[in-house]
Structure formats: C-alpha cells, structure tokens
Amino acid sequence: MTMPSDARIYVAGHAGLVGSAVMRRLQNAGYTNILTATRGQLDLRDQGEVSHWFKANRPEYVFLVAGTVGGIMANSTRPAEFIYDNLMIHGTVVHAAHEYAATKLLYLGSSCIYPRQATQPITEDQLLTGPLEPTNEWYAIAKIAGIKLCQAYRQQYGRDFISAMPTNLYGPNDNFDLTSSHVLPALIRKFHDARETGAADVEIWGTGSPMREFLHVDDLADACVHLMDNYSEHSHINVGTGLDLSIRELAEKVRDVVCPSAELRFDTTKPDGTPRKVLDVSRLRATGWSPSIDLDTGIRTTYQWFLDQQTANRSMRGIGSVATAAG
Ligand code: GFB
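Model, not experiment: these values are computed from the prediction.

The rules behind the values
Residues numbered from 1 in each chain as written. Predicted model: local features only at pLDDT ≥ 70, side-chain atom pairs only at ≥ 80, totals over all residues. Heavy atoms only, no water. Helix = DSSP H or I, 4+ residues; strand = E, 2+ residues; numbered from the N terminus. Rg over C-alpha atoms; globule rule 2.2 N^0.38 Å. Buried < 20%, exposed > 50% of the residue type's maximum accessible area, 1.4 Å probe, protein only. Contact = heavy atoms within 4.5 Å. Areas by Shrake-Rupley, 256 points an atom, 1.4 Å probe, with all protein chains shown as cover. Lys, Arg positive; Asp, Glu negative; His and termini not counted. Charge placed at Lys NZ, Arg CZ, Asp CG, Glu CD. Expected span 1.5 Å × (residues − 1). Pairing = 2+ DSSP bridges. Right-handed = clockwise from strand over helix to strand, strands pointing away. Near = heavy atom within 4 Å. Polar contact = N/O pair within 3.5 Å; in protein donor to acceptor, adjacent residues only side chain to side chain. Nonpolar A, V, L, I, M, F, W, Y, C, P; charged D, E, K, R; others polar.

What the protein contains, in helices and strands, is ten helices and 13 strands. In summary, the protein has a C-alpha radius of gyration of 20 Å against a globular reference of 20 Å for 327 residues, a match within 12%. C-alpha atoms of the protein, sized along the principal axes, occupy 60 × 60 × 35 Å. Taking all 327 residues of the protein together, the buried fraction comes to 50%. Sequence separation of 24 or more characterises 81% of the internal contacts of the protein that already satisfy a separation of 6 or more. With an accessible surface of roughly 14,500 Å², the protein has 51% of that area assigned to carbon and sulfur atoms. One way to put it: in the protein the 30 positive side-chain charges average out to a point 2 Å from where the 36 negative ones average out.

Our focus in this paragraph is helix 7 (residues 217-230). For helix 7, spanning 14 residues, the distance from its first C-alpha to its last is 19 Å, which sits close to the expected 20 Å at 1.5 Å a residue. Burial analysis of helix 7 places eleven of its 14 residues in the buried class, which makes it a mostly covered element. Along helix 7, the positions that sit buried rather than exposed are V217, D219, L220, A221, A223, C224, V225, H226, L227, M228 and D229.

Quick look at the pairing of strand 5 (residues 161-166) now. Burial within strand 5 is extensive, with six of its six residues counted as buried. With burial as the criterion, each face of strand 5 is covered, one bearing F161, S163 and M165 and the other bearing I162, A164 and P166. Pairing of strand 4 (residues 104-108) with strand 5 involves four bridges; the strand directions are parallel. Residue pairing for strand 5: L105 is matched across the bridge by F161. Traced from strand 4 through helix 5 (residues 137-157) to strand 5, the parallel crossover comes out right-handed. Across three bridges, the pairing between strand 5 and strand 10 (residues 237-239) is parallel.

Within the structure, the ligand sits among 22 residues, and I72, K190, R212, P271 and D272 are positioned closest to it. Separating an oxygen atom of the ligand from a backbone N or O atom of I72 is a distance of 2.7 Å. Within the backbone of P271, one N or O atom sits 2.6 Å away from an oxygen atom of the ligand. Across the complex, the protein chains shield 97% of the 700 Å² of accessible surface that the ligand would expose by itself. Sorting the residues of the shell around the ligand by element identifies helix 3 (72-77), helix 6 (183-197) and strand 7 (201-205) as the ones contributing at least two each. If one sorts the elements of the shell around the ligand by residue count, helix 6 sits on top with three residues. Classifying every residue of the shell around the ligand gives ten nonpolar, eight polar and four charged.

Written as structure tokens, this is what we have:
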C-alpha cells in the first residue's frame, strides 16, 4: 500500500549517504511530514531517548537507515564501534517502532551479511550458511541481528517490519575520507588528488581482482520507497543491479573520468576482502523494480558532485577569511 501523502515518516540517519537520498526521494514525491533528529538531539544508541522521541513524535513509517559505516579498513580497525553502535541503533529503533505501533518499518542491512564463500550471485537464502568475511564480521553480525530483530517482532507481535540488503553504494554525500571510505569514493578522491598534483600514479589497495557490485544511492532510495509501498515479507530482500566488475576495472573507469593520464599501482599489502560479492536480484525484480542509473553515469555525476562540493567549500573558506580580515 502506498504511504499516504500526509504520512508521518521518520528517516533515521537522514544526514548520511543513504538517509539524504531517501529524504530527496520522499521530498520529490511530495511528502511533507518527514521527521528527522540530529545526533545531538537524539542518541540512537540510547533506548530511553529513542523511546521518548517516538512517544513524542509518533512516526507511522520508519526508514531505519542509520548506522556506523565504513570501508574495509575502518571495519577492520574499529570493530567495537561497528558492532556496538549498530547493534544498539537497530535494537532501540525497532523496539520503539513496536512500542509506539509504527505502521511499517524498513530496515537497511548490507550485502556483507552473506558468507565469504557464498555461491554467486548471492540469493537471500544463503544467509547463515557459512563463515563470514573476517574484515567485516563485526558489522555483518550487527546487520544480521537487525534482520532477526525485524523478523522476531513480525513473528511475535505481528509488526510489518521488513529488511532490505543493499549491495555496495555510492553517490552524493558519500564519505571521501581515505581512512574510512569505501572504494568508489576513495578512488574518486585519489584520482582527483593525482589530477591536482600531477602525480604519475595512484595507489589501489589489494590485488585489484576482487569483484564488486555498485548501486547509486538514488536508485537505492527509490527501491526503499518502492519496498515500503510494495513488500511485506518475513524474508529480507536483496537490492542491487546484479552486475559486477573487478576493482581494477572500477579503478580504470574512475581514472578515465577523473585523471586519464594516471597509472594504477596496486598495494598488495592491503586486504582484498571478500573475493566476490554480487547479489541475485530476482526477488526484487519480481516486485517490479529495477535500477535506472548505470555505473558510468553514476561515476560521472558523483565526481561532478564532488567538484561542486570542493568549489562550495573553497568559497565558504573565502567568505570566512574575508570576514576575519575585515574583523
Ligand atoms: O569498498 P570497500 O572498502 O569494502 O573495498 P568491501 C572494496 C575493495 O576495494 C577491496 C579495494 O578489495 C579493497 O581492498 N580497494 C582498493 C579499496 N583501493 C581502495 C581504497 O582506496 N579504499 C577502499 N576502501 N578500498 C565493505 C565492508 O566491504 O562493504 C562493509 O567493509 C560494507 O562492511 C560494504 O558491508 C558494503 O566491499 O570489501
């Protein structure tokens, strides 16, 4: 059932990569009753605060897209933050949505929930059939717990809580910090820096052979709204393109857009992570949804967004220094 146009919709994590895309998608569709809370206003890890916020605001639809996220290095070096923050955030929001009888909740997981050696493309029923990839097992365990939370509240209390598992995401508002980012924004930054400095080559982590699938976050946001309107099953559902490519091929694509003269240099002391991760998206396609932004277009528009941000930041700094000089 389509969310009514005056529905009270809470986007948990509205400032992040996914949350900001969900906000854009809802605003474009004409929803005006969208609820948000900043980190300073609401600590999503605190059940007391979250329950109090739900009591006061009574959201009818909840997009649970908040979490502590990061790429392969951040996952490996900050395991406690990744497991604790995510376990707590999922638990508090799902529980409060039950306590205050939200009509529906969509929980967003990650494709890293599947076993490292899963058969490709990965079907939903491969969850919990083998050991996880060690570089992200802490995050994966928290994400699996989120799926099970939704299923448990569905089973015991009849709540309409559903889970979507997206593949690797990218797009506007991504994290471009090299110590914590995912590969696609990292490559944009590295090739951009090479373009600025005239460096001859760019360092790529690992061997370049791992295979990954990439979905533009605006496609994901569209899929989330589609699933909120059209999906109501116990099982989680994969969200992706079903198409993958090697990290080397991805690096070449980004290089060709950002800095065509740069050579690739592979640092094999850095981890590769899961050898291959491509989702089987037949269940999603059967609901009538498919992505519309191809990877080449997505890389180009994301790089343009990155450049626009650089310009905006420079002019902000310009205004700041003028003010200081005048002061
Ligand atoms: O995107 P990424 O960090 O995460 O890395 P995962 C994907 C692949 O790109 C790995 C390689 O093989 C990396 O070694 N890579 C090459 C780089 N150069 C770089 C670089 O400069 N930065 C980064 N970050 N990678 C994540 C999980 O796994 O997938 C998360 O850690 C989450 O938990 C996410 O689930 C979807 O695809 O390996």
